[in-house]
Amino acid sequence: MAVRSIAEAAPPTPWSRNLAEPTIHPSAFLHSFSNIIGDVRIGANVIIAPGTSVRADEGTPFYIGENTNLQDGVVVHGLEKGRVIGDDRQEYSVWIGKNNCITHMALIHGPCYIGDDCFIGFRSTVFNARVGAGCIVMMHALIQDVEIPPGKYVPSGAIITNQQQADRLPDVQADDKEFAHHVVGINQALRAGYLCAADSKCIRAIRDELNNSYTSIEVDVLERSDEVSSNSLSAETVEQVRYLLQQGYHIGTEHVDQRRFRTGSWTSCKPIEARSLGEAIAALEACLRDHSGEYVRLFGIAPKGKRRVLENIIQRPDGVVQASNSFKAPAYSSNNGSYNGNGSSRLSSETIDQIRQLLAGGYKIGTEHVDERRFRTGSWQSCKPIESSSPGDVVAALEDCMDNHQGEYVRLIGIDPKAKRRVLESIIQRPNGPVSTPSSKSTATTTSYAASGTTATATSSKLSSEAIEQLQQLLAGGFKISAEHVDGRRFRTGSWASCGQIQANSIREAIAALEGYMNEYQGEYVRLIGIDPKVKRRVLELIVQRP
């Protein structure tokens, strides 16, 4: 690897006559369109992309640790004055630890310290600051004159210029760590590829291999789905397998017993090495037989990105999942898998749609339950955590919670994992059974209540019987009632705005006030709020209108 054309000695200046040159590990790759100047110490397996400028001509020296990547357009520079202490206890103008991703157009300006395993997003700036190990800094952020504690998440566009802001930052989530690790792996593969491209012997061997494969390759034509039969798998599952093989995806299977299903502790079946649809179906059926009485799920894996493109449960403890024949070859999302069953006998289609929307938005899903006595005080208890991001798995977990707490209220929770706050609370079961999907027709809903020894009848053309029942319970319990609204864009961030407090002495007055807000904010979400006036906390949040 030739680097002499891009690595230069530091120029003589009034503050330094050192003329130090870069020190570059032989395994590092520096693109010919990058510039490295002065006392820059570059560790093993570093990759420096085109258009990058690492200039230790004012502040010096710089350190770049092993396995770190500096992507296109990154600038690393330092002031003449000001130093940080590196992990080797020496002074540096800029210290960048190992396994770091300094992404496109980022500016790292000394004095500056960046610990190991960090991710600095596009066009972000770090100046006169320390960033602790394992931090994730997203796009267009500014970090200046502060110390970011280890393992913190800095959202896109954030301006962190005082220590109080830095100390309040949320923790990095597991998904963020996995993403940063993935980027390091991608760049290590690029480094190896660039080094190979510069080595005539390495690239010649690959060209010969490609030429041989072009002349000797035999194309296997996959059987049509209707030519392959299976006693255990639905026609839709067979079609999914065929599609995955056609697209070049790998196929895998996992199984889990009922006890571990709730914690998401899936175990892999034997790897499927199949070149034909028949072989893949046979391997799937073998996994079903070996793990009868358990959950079994099929998934596809993109061989390049090493990410899942499909997760679909094909067997439950009570037998094979019978899927509909509605499968079409979609571009499966790696975030939320797919749910292709006939729906749920326990959950409404509206609830299943909510689940899909939450998973597509990157939210986590939870469930809570409460008996009738504690419902009025809002003393909800959590069901077992739901770790899966597959809609099918989430539906199954919700149904398990409903089965385990029959005769109680059960509600679905949507949680923003980054902000660590709830974005949705929706009751999916009441003591008298699951909540049915509200009718879209404008027929009146009539509910009778026994209150204070008299029977009051309330009607509404807009509110479900559940909403009317909860209004009645809030009034009977002496709780304050209000409403909030939000448009579709702000719904995902939970930026609800208050409609105002509802002053009502009867259920009819409360219904009228709530319907007034629903009319005023048509095309938006509206939710009913119950507040305990003594402890000043919410005991109920129920969405009563959707766009």
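Computed from a predicted structure; not experimentally measured.

## Describing the overall build of the protein chain
At step 1: In terms of helices and strands, the protein chain carries twelve helices and 38 strands.
At step 2: Burial statistics for the protein chain: of 547 residues in total, 48% are counted as buried.
At step 3: When the accessible surface of the protein chain is split by element, carbon and sulfur atoms take 47% of a total near 27400 Å².

## Looking at unusual backbone geometry
With the exception of glycine, most residues fall at negative phi, and the peptide bonds are largely trans.
At step 1: The step from Thr 60 to Pro 61 runs through a cis peptide bond, and the omega angle for that step is 0 degrees.
At step 2: Position of Pro 61 relative to the elements: it lies in the loop between strand S7 (53-56) and strand S8 (62-64).
At step 3: One non-glycine residue with positive phi stands out, namely Asn 67, at about 65 degrees.
At step 4: For Asn 67, the position within the fold is in the loop between S8 and strand S9 (69-70).
At step 5: Judged by relative accessible area, which is 17%, Asn 67 ranks as buried.
At step 6: Its identity is not glycine, yet Asn 99 carries a phi of approximately 60 degrees, on the positive side.
At step 7: Assignment of secondary structure puts Asn 99 in the loop between strand S13 (94-96) and strand S14 (101-102).

## Comments concerning the environment of Glu 80
At step 1: Residue position: Glu 80 is located in the loop between strand S10 (75-78) and strand S11 (84-85).
At step 2: Excluding its chain neighbours within four sequence positions, the residues that come into contact with Glu 80 are Trp 15, Glu 58 and Gly 59.

## Brief notes about the state of the cysteines
At step 1: Throughout the structure, instances matching the rule amount to three disulfides.
At step 2: Disulfide pairing places Cys 196 opposite Cys 202 at an S-S distance of 1.9 Å. In this structure the cystine formed by Cys 196 and Cys 202 twists about its S-S bond by roughly -95 degrees; its chirality is therefore left-handed.
At step 3: The class for Cys 202 is partly exposed, based on a relative accessible area of 27%.
At step 4: In this model Cys 269 forms its disulfide with Cys 287; the gap between the sulfur atoms is 2.2 Å. With Cys 269 in the loop between strand S24 (267-268) and helix H6 (277-290) and Cys 287 in helix H6, the pair connects residues that are 18 residues apart, well separated along the chain.
At step 5: Its relative accessible area of 4% is what places Cys 287 among the buried residues.
At step 6: Taken in N- to C-terminal order, the disulfide-linked cysteines of the protein chain are connected 1-2, 3-4, 5-6.
At step 7: Counting only cysteine sulfurs, Cys 118 is the nearest neighbor of Cys 101, a cysteine outside any disulfide, at a range of 9.7 Å.

## A short note on the packing of helix H10 (residues 465-476) against helix H12 (residues 507-520)
At step 1: Where H10 meets H12, the closest approach of the two axes is 10 Å, and the angle between their N-to-C directions is 125 degrees. Between H10 and H12, the interaxial angle falls into the category oblique. Along this stretch, H10 crosses H12, giving a crossing that reads as right-handed. In contact with Ile 468, Leu 471, Gln 472 and Leu 475 of H10, H12 contributes Ile 507, Ala 510, Ile 511 and Leu 514.
At step 2: Here the residues of the contact of H10 with H12 sort into seven nonpolar, one polar and no charged.

## What about the nonpolar core?
At step 1: Judged by nonpolar contacts, the single largest core of 38 residues is most densely connected at Ile 42, Val 76, Ile 102, Ile 108, Ile 143 and Ile 148.
At step 2: Going through the elements one at a time, strand S5 (40-42), S7, S8, S13, strand S15 (107-114) and strand S17 (125-131) are the ones with two or more residues in this core.
At step 3: Not counting chain neighbours up to four residues away, the residues in contact with Ile 102 comprise Asn 69, Leu 70, Gln 71, Val 74, Ile 96, Ile 108, Ile 114 and Ile 120.

## Things to note about the pairing of S7
Residues in a regular strand project their side chains so that they alternate between the two faces of the sheet.
At step 1: The alternating pattern of S7 places Val 54 and Ala 56 on a buried face and Ser 53 and Arg 55 on a face that is not buried.
At step 2: Sheet topology note: the strand S4 (residues 35-38)/S7 ladder contains four bridges and is parallel. Of the residues in S7, the one forming a bridge with Gly 38 is Ala 56.
At step 3: Here S7 runs beside S10; their pairing, made up of two bridges, is parallel. From the neighbouring strand, Ser 53 faces S10, where its bridge partner is Val 75.

## Focus: helix H9 (residues 391-404)
At step 1: With 14 residues, H9 ought to run about 20 Å at 1.5 Å a step, and its terminal C-alpha atoms sit 20 Å apart, in line with that.
At step 2: Counting buried positions along H9 yields twelve of 14 residues, so the element is predominantly enclosed.
At step 3: Every buried residue of H9 is accounted for by Pro 391, Gly 392, Asp 393, Val 394, Val 395, Ala 396, Ala 397, Leu 398, Glu 399, Asp 400, Cys 401 and Met 402.

## A closer look at the packing of aromatic side chains
At step 1: All chains considered together, the criterion is met by five aromatic pairs.
At step 2: Between the aromatic rings of Tyr 63 and Tyr 92, the centroid separation amounts to 6.1 Å while the plane-to-plane angle is 65 degrees, which identifies the pairing as edge-to-face. In this pair, Tyr 63 is assigned in strand S8 and Tyr 92 in strand S12 (residues 91-92), connecting sequence segments 29 residues apart.
At step 3: Look at Tyr 92 and you get buried, because its relative accessible area is 2%.
At step 4: Through a chain of ring-to-ring contacts, the aromatic side chains of Tyr 63, Tyr 92 and Trp 95 assemble into a single cluster.
At step 5: Sitting above the plane of the Tyr 113 ring, Arg 130 keeps its charged end 3.9 Å from the centroid.

## Here we look at helix H4 (residues 235-246)
At step 1: With twelve residues, H4 should reach 16 Å at 1.5 Å per residue; the first-to-last C-alpha distance of 17 Å fits that figure.
At step 2: The buried count for H4 comes to nine of twelve residues, which makes it a mostly enclosed element.
At step 3: All of the buried residues in H4 are Glu 236, Thr 237, Val 238, Gln 240, Val 241, Arg 242, Tyr 243, Leu 244 and Leu 245.
At step 4: Looking at the residues trailing H4, positive phi occurs at Gly 248, about 85 degrees.

## Thoughts on the sheet that holds strand S37 (residues 525-532)
At step 1: Strand order in the open sheet made by the four strands is S36-S35-S37-S38, with antiparallel pairing throughout. In this open sheet, the two edge strands, each paired with only one partner strand, are strand S36 (497-502) and strand S38 (537-545). When the angles between neighbouring strand axes are averaged without regard to direction, this sheet yields 25 degrees.
At step 2: Bridge count between strand S35 (residues 480-486) and S36: five bridges; the pairing is antiparallel. Among the inter-strand pairings, Ser 482 is bridged to a residue of S36, identified as Gln 501.

## Some remarks on the sheet that holds strand S6 (residues 47-48)
At step 1: With respect to topology, seven strands assemble into an open sheet ordered S3-S6-S9-S14-S16-S18-S21, the strand pairing being parallel. Every interior strand has two partners, whereas the edge strands, strand S3 (29-30) and strand S21 (153-154), have only one.
At step 2: When S14 meets strand S16 (residues 119-120), the two strands line up parallel, connected through two bridges. Bridge pairing in S16 links Ile 102 to Ile 120.

Quick notes on the rules
Residues numbered from 1 in each chain as written. Predicted model: local features only at pLDDT ≥ 70, side-chain atom pairs only at ≥ 80, totals over all residues. Heavy atoms only, no water. Helix = DSSP H or I, 4+ residues; strand = E, 2+ residues; numbered from the N terminus. Buried < 20%, exposed > 50% of the residue type's maximum accessible area, 1.4 Å probe, protein only. Areas by Shrake-Rupley, 256 points an atom, 1.4 Å probe, with all protein chains shown as cover. Contact = heavy atoms within 4.5 Å. Disulfide = S-S within 2.5 Å. Axes fitted to C-alpha atoms, helices over the stretch in contact; angles between N-to-C directions. Parallel < 35°, antiparallel > 145°, perpendicular 65-115°, else oblique. Left-handed = near helix turned anticlockwise from the far one by under 90°. Nonpolar A, V, L, I, M, F, W, Y, C, P; charged D, E, K, R; others polar. Core = buried A, V, L, I, M, F, W, Y, C linked by side-chain atoms within 4.5 Å. Pairing = 2+ DSSP bridges. Expected span 1.5 Å × (residues − 1). Phe/Tyr/Trp six-rings, centres within 6.5 Å; stacked < 30°, edge-to-face > 60°. Lys NZ or Arg CZ within 6 Å of the ring centre and 35° of its normal.

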